[in-house]
Amino acid sequence: MRIRTDDEVYRVDAVWLGPPKATFPWRARYVAWGVGIPVFLVVLAVERQLGFGFGFFSTAWAFVITILITRMITAKISHERPLGAVMTMWLRELQTPREKTSGEGGAVTATKIRVRNQRPLPKHKRHLAPAGSHPHHQPARPRGARTSAPR
């Protein structure tokens, strides 16, 4: 049993062949016309900003550039992934936060760390001990030595 998909239906319905009895020699989807016309206007505007005059060759190159850009855009568009979804995905991709690849700061040093001879007291015992003394501070014992009282 062979199951046919409905892809051909979308391809036929989404193609404009031109006016009746005077069809174009190429096939262009409706979305290609919708994308191509604004792209053509943008390409013409960019050409004018770059200082190119309005002539036959500059317009012909704008037309060629428009066809290339439109083909690149419409290659990503289908009936399952419409233009609005592609544009939204593109904008979110541009606006998403990126991971920073370079570190901030310099070399790490221990020069700012204060070293004390005595262990600090817990906060609840600090007010009991006189300044500079720790009543429960015990001298270091040699390794392997045992004490009878727990610490």
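Residues numbered from 1 in each chain as written. Predicted model: local features only at pLDDT ≥ 70, side-chain atom pairs only at ≥ 80, totals over all residues. Heavy atoms only, no water.

Student: Honestly, the overall build of the chain in this entry has me stumped. Any pointers?
Tutor: Secondary structure assignment for the chain yields five helices and two strands. Its helices and strands taken in sequence order, the chain reads α-β-β-α-α-α-α from the N to the C terminus. Expressed as a percentage of its 151 residues, the buried residues of the chain come to 13%. Long-range pairs, those at least 24 residues apart, make up 29% of the contacts in the chain with a sequence separation of at least 6. Total accessible area computed for the chain in this model is approximately 14,000 Å², and 62% of it derives from carbon and sulfur atoms. (Helix = DSSP H or I, 4+ residues; strand = E, 2+ residues; numbered from the N terminus. Buried < 20%, exposed > 50% of the residue type's maximum accessible area, 1.4 Å probe, protein only. Contact = heavy atoms within 4.5 Å. Areas by Shrake-Rupley, 256 points an atom, 1.4 Å probe, with all protein chains shown as cover.)

Student: Looking at this structure, I do not really get the UniProt feature "transmembrane region" (unreviewed entry) in the chain. What am I missing?
Tutor: The residues that UniProt annotates with the feature "transmembrane region" (unreviewed entry) are residues 30-46 and 52-73. Secondary structure across residues 30-46 comprises 100% helix and 0% strand; the distance between its end C-alpha atoms is 25 Å. This span, residues 52-73, is 82% helix and 0% strand, and a straight line between its end C-alpha atoms measures 25 Å. (UniProt positions renumbered as here; feature names shortened; annotations may be inferred.)

Student: For this particular structure, what's the right way to read a positive patch on the surface?
Tutor: On the surface, a cluster of positive charge is made up of Arg114, Arg116, Lys123 and Arg126. Within the secondary structure, Arg116 is located in the loop between α4 (83-95) and α5 (123-126). (Patch = residues over 30% accessible without salt bridge, like charges linked within 9 Å, V, L, I, M, F, W, Y side chains within 5 Å. Salt bridge = Lys/Arg side-chain N within 4 Å of Asp/Glu carboxyl O. Lys, Arg positive; Asp, Glu negative; His and termini not counted. Charge placed at Lys NZ, Arg CZ, Asp CG, Glu CD.)

Student: How do you make sense of the packing of helix α2 (residues 30-49) against helix α3 (residues 56-74) when you look at a structure like this?
Tutor: Two numbers describe a pair of packed helices, the interaxial angle and the distance between the axes. Viewed as axis vectors pointing N to C, α2 and α3 meet at an angle of 135 degrees, and their least axial separation amounts to 8 Å. In terms of orientation, α2 lies oblique with respect to α3. Both α2 and α3 take part in a crossing whose hand is right-handed. Residues Val31, Ala32, Val35, Gly36, Val39, Phe40, Val43, Leu44, Glu47 and Arg48 of α2 touch α3, and the partners they reach there are Ser58, Thr59, Trp61, Ala62, Phe63, Ile65, Thr66, Ile69, Thr70, Ile73 and Thr74. (Axes fitted to C-alpha atoms, helices over the stretch in contact; angles between N-to-C directions. Parallel < 35°, antiparallel > 145°, perpendicular 65-115°, else oblique. Left-handed = near helix turned anticlockwise from the far one by under 90°.)

Student: Please explain the layout of surface pockets as it appears in this structure.
Tutor: If a probe as big as a water molecule is rolled over the atoms, it shows which places are left empty. Its volume calculated, the largest pocket comes out at about 540 Å³. Along the wall of the largest pocket there are 16 residues; nearest its centre are Trp26, Ala28, Ala32, Ile67 and Thr70. Among the secondary structure elements, those contributing two or more residues to the lining of the largest pocket are β2 (28-29), α2 and α3. Partitioning the lining of the largest pocket into residue classes produces nine nonpolar, four polar and three charged. Of the volumes computed, that of the second largest pocket is approximately 260 Å³. (1 Å grid on protein atoms, 1.4 Å probe; cavity = no way out; pocket = protein on both sides within 12 Å on 5 of 7 lines; lining within 4 Å. Points joined across faces, edges and corners; volume = space filled by probe spheres on them. Nonpolar A, V, L, I, M, F, W, Y, C, P; charged D, E, K, R; others polar.)

Student: In this structure, what is going on with α2? I would like to understand it.
Tutor: Each turn of an α-helix holds 3.6 residues, which means side chains three or four residues apart point in the same direction. Between the first and last C-alpha of α2 there are 29 Å, a value that for 20 residues agrees with the 28 Å anticipated at 1.5 Å per step. Turning to α2, its buried residues are Ala32, Val35, Gly36, Val39, Val43, Leu44 and Glu47. Where α2 is buried, its residues meet β2, α3 and α4. (Expected span 1.5 Å × (residues − 1).)

Student: Just checking my understanding: could you explain the environment of Ile77 for this structure?
Tutor: Here Ile77 is to be found in the loop between α3 and α4. Expressed as a C-alpha distance, the spacing of Ile77 and Ala32, which sit 45 residues apart in the sequence, is 9.4 Å.

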